[in-house]
Amino acid sequence: MKRFWIGVSLVLLAGCGAETTTSPPRKKAKADVVALVASVREAGVQGLELEVQPLRDPQVEDLRHRAEAQEAAGEYADAAASLDQALALVPGDPDLLQWKAELALLRRVWSQAETLANQSYGNGPKLGGLCRRNWLTIHHARRLAGNADGAAVARRQVDACTVAPPVRM
């Protein structure tokens, strides 16, 4: 009887070990991309720059809130569609373009992420938090697409976005 319980214990332990080591790679990959986008967004708030935000159209604000809720629910394509509607009202808005670029990273569409981040950079202030988010998105999109040299160039641009505050005496 003792051998039976030892055998059962070993089978159960072997089964537990197999379950924990073979977690679905899809969930891990999704978590990696979510963490990557979180790091991009965090880079946008690291600096000490003064950033001016224009007053937003209430209709655009409603679409932004809808996109936030859709993104939080993991409905990335729907969130991008909401941002497309907002961009129809304010074409070329660099914040909305960058947000769409981050959604493209979440959807693993590297070329679209790079294109949108470049458009955002072109329309944006080219300094500060948005600039850092632009270049970090471009860096990740290029790296994940297999363009290591292009990714390294984009990574170096991130630091150029931070403006040192003036020296006060």
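Residues numbered from 1 in each chain as written. Predicted model: local features only at pLDDT ≥ 70, side-chain atom pairs only at ≥ 80, totals over all residues. Heavy atoms only, no water.

Trainee: Now, about the packing of aromatic side chains: what can you tell me, with residues and values included?
Mentor: As enumerated under the stated definition, the model contains 1 aromatic pair in all. With centroids separated by 5.2 Å and ring planes inclined at 65 degrees, the aromatic side chains of Tyr 121 and Trp 135 adopt a geometry described as edge-to-face. Residue Tyr 121 is found in helix α6 (residues 110-123), and its partner Trp 135 is found in helix α7 (residues 128-144); the two are separated by 14 residues along the sequence. Residue classification places Tyr 121 among the partly exposed positions, given a relative accessible area of 21%. Accessibility expressed as a relative area gives 12% for Trp 135, which makes it buried. It is Lys 126 that lies over the ring of Tyr 121; its NZ or CZ is 5.5 Å from the centre. (Phe/Tyr/Trp six-rings, centres within 6.5 Å; stacked < 30°, edge-to-face > 60°. Helix = DSSP H or I, 4+ residues; strand = E, 2+ residues; numbered from the N terminus. Buried < 20%, exposed > 50% of the residue type's maximum accessible area, 1.4 Å probe, protein only. Lys NZ or Arg CZ within 6 Å of the ring centre and 35° of its normal.)

Trainee: Outline the state of the cysteines, supporting the account with residue identities and numerical values.
Mentor: Taken as a whole and judged by the stated rule, the model has 1 disulfide. One disulfide bridge connects Cys 131 with Cys 161, the sulfur atoms lying 1.9 Å from each other. On the sign convention where negative is left-handed, the bridge of Cys 131 and Cys 161, at about -55 degrees about the S-S bond, is left-handed. Of this pair, Cys 131 sits in helix α7 while Cys 161 sits in the segment after α8 (148-160), placing them 30 residues apart in sequence. (Disulfide = S-S within 2.5 Å.)

Trainee: For the pattern of salt bridges, give the residues involved together with the corresponding values.
Mentor: Per the counting criterion, the structure on display carries 8 salt bridges. With a shortest N-O distance of 2.9 Å, Arg 133 and Glu 102 are connected by a salt bridge. Taken as a pair, Arg 133 in helix α7 and Glu 102 in helix α5 (residues 94-106) lie far apart in primary sequence, 31 residues in all. Under the relative-accessibility criterion, Glu 102 is labelled buried at 0%. A salt bridge links Glu 114 to Arg 142; its shortest N-O distance comes to 2.8 Å. Taken as a pair, Glu 114 in helix α6 and Arg 142 in helix α7 lie far apart in primary sequence, 28 residues in all. The exposure class of Glu 114 is partly exposed, given its relative accessible area of 21%. Residues participating in the shared-partner salt-bridge network are Arg 41, Glu 71, Glu 102 and Arg 133. (Salt bridge = Lys/Arg side-chain N within 4 Å of Asp/Glu carboxyl O.)

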